[in-house]
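The chain contents come next:
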Amino acid sequence: MRKKSIGKWILFLFMVALAMLYVVPFLMMVLGSFKTQAEASMFNLALPKEWLISNYSHVLESGKIWRGYVNSAIITIPVTAISTLLGAVSGIVISRRNDKLSRGIYYYFIFGLTLTLQIASIFFLLQALHIYGTFISVICIFISLRIPFTVMTFCSFVKGVPREIDEAAVIDGCNFWQMTVKVLFPILKPIMVTNIVITAIDVWNNFMIPLFYLGSAKKATVSMAIYSFFGRYNRDWQYVFAALMLVVLPMLILFIILQKHIIAGMTAGAVKG
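Quick summary incoming for the structure in this document. Please read these numbers as outputs of a predicted model, since none were measured by experiment. (Residues numbered from 1 in each chain as written. Predicted model: local features only at pLDDT ≥ 70, side-chain atom pairs only at ≥ 80, totals over all residues. Heavy atoms only, no water.)

Concerning the overall build of the protein chain
- Along its length, the protein chain carries 13 helices and 0 strands.
- For the C-alpha atoms alone, the extent of the protein chain along its principal axes is close to 70 × 70 × 35 Å.
- Evaluated residue by residue, the protein chain yields a buried proportion of 39% over its 273 residues.
- Contacts in the protein chain between residues far apart in sequence, at least 24 positions, make up 75% of those at least 6 positions apart. (Helix = DSSP H or I, 4+ residues; strand = E, 2+ residues; numbered from the N terminus. Buried < 20%, exposed > 50% of the residue type's maximum accessible area, 1.4 Å probe, protein only. Contact = heavy atoms within 4.5 Å.)

Digging into the packing of helix α4 (residues 65-96) against helix α9 (residues 176-187)
- Look at α4 against α9: their axes get within 12 Å of each other, and the N-to-C directions meet at 105°. Judged by the angle between their axes, α4 and α9 are roughly perpendicular. Between α4 and α9, the contacting residues are Leu85, Ala88, Val89, Ile92 and Val93 on the first element and Phe176, Trp177, Thr180, Leu184 and Phe185 on the second.
- Considered class by class, the residues forming the contact of α4 with α9 number 9 nonpolar, 1 polar and no charged. (Axes fitted to C-alpha atoms, helices over the stretch in contact; angles between N-to-C directions. Parallel < 35°, antiparallel > 145°, perpendicular 65-115°, else oblique. Nonpolar A, V, L, I, M, F, W, Y, C, P; charged D, E, K, R; others polar.)

Re the environment of Gly215
- Mapped onto the secondary structure, Gly215 falls in the loop between α11 (208-213) and α12 (222-232).
- Sequence-distant contacts of Gly215, that is, excluding residues within four places in its chain, are made with Tyr132 and Pro210.

Things to note about the side chain of Ser83
- Structurally, Ser83 can be placed in helix α4.
- Judged by relative accessible area, Ser83 falls into the buried class, the value being 0%.
- At a separation of 2.6 Å, a polar atom in the side chain of Ser83 contacts the main-chain carbonyl oxygen of Val79.
- Reaching out from Ser83, the side chain makes a polar contact with the backbone oxygen of Thr80 at a distance of 3.5 Å.
- Apart from the residues lying within four places of it in its own chain, the contact partners of Ser83 are Arg146, Ile147, Thr150 and Thr199. (Polar contact = N/O pair within 3.5 Å; in protein donor to acceptor, adjacent residues only side chain to side chain.)

Thoughts on the packing of aromatic side chains
- Throughout the structure, instances matching the rule amount to 15 aromatic pairs.
- Residues Tyr106 and Tyr107 carry aromatic rings whose centres are separated by 5.6 Å and whose planes lie at 70° to one another, so their mutual orientation is edge-to-face.
- The class of Tyr106 is buried, set by a relative accessible area of 18%.
- By the ring-pair criterion, three or more aromatic residues cluster together here, those being Phe34, Trp51 and Tyr56.
- The cationic tip of Lys159 hangs over the ring face of Tyr106; the distance from NZ or CZ to the ring centre is 5.2 Å.
- Sitting above the plane of the Phe135 ring, Lys219 keeps its charged end 5.8 Å from the centroid. (Phe/Tyr/Trp six-rings, centres within 6.5 Å; stacked < 30°, edge-to-face > 60°. Lys NZ or Arg CZ within 6 Å of the ring centre and 35° of its normal.)

See below:
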């Protein structure tokens, strides 16, 4: 018994130390965003002597953050909605059809998780389609990158849903789309919310793809705007911290609001009903 308790304490202390690796930099960023230049440059967890809200107003006025918010939303919202919807429908069909074709399609999507982004080939493809430098091109790239993971998670979740639910819905006169929307989608809510949050965070914070394929400062996303802002204020850490907080805040709020469903979606596949 003593060995077990010691092992639990060691595991607990390890998890606390691991959590501090994320919590400490985040707290440093939050506090630093309200400090003066001299205080923020010290990179510590001390409270600011005076809480400067003006740091945020300065960033909003000079950092073009609002334009970055709008551009990021134009990309993030459709990518999240389309990839989640397509992944959900594909996962339902693949999981419910027990044949070689469905298994082959499933492994095709799984294979997509192992592929890396081919920057040059995608560039020439977008140019050939005459959509390079548009939001549509970036949206299509993100959807293609997110679909494999989304299909995999939905397939794993749907396999835990009893087939009797489908049969009962068909007996009651539902067609495939009615069964999917009215019966299965409410059951799939935890995994749908999980995919929405993961996809939104991934797309919102992505810097490389918009940089390579948008090709216009007017279409810069919020992460690109922060990069440009840091280039001008690389010594004014109070402004850098405030800018980073403005980037993190929307996704942080989204995560806090939906965290209950995210936990349910993450753990649902671990228990067989």
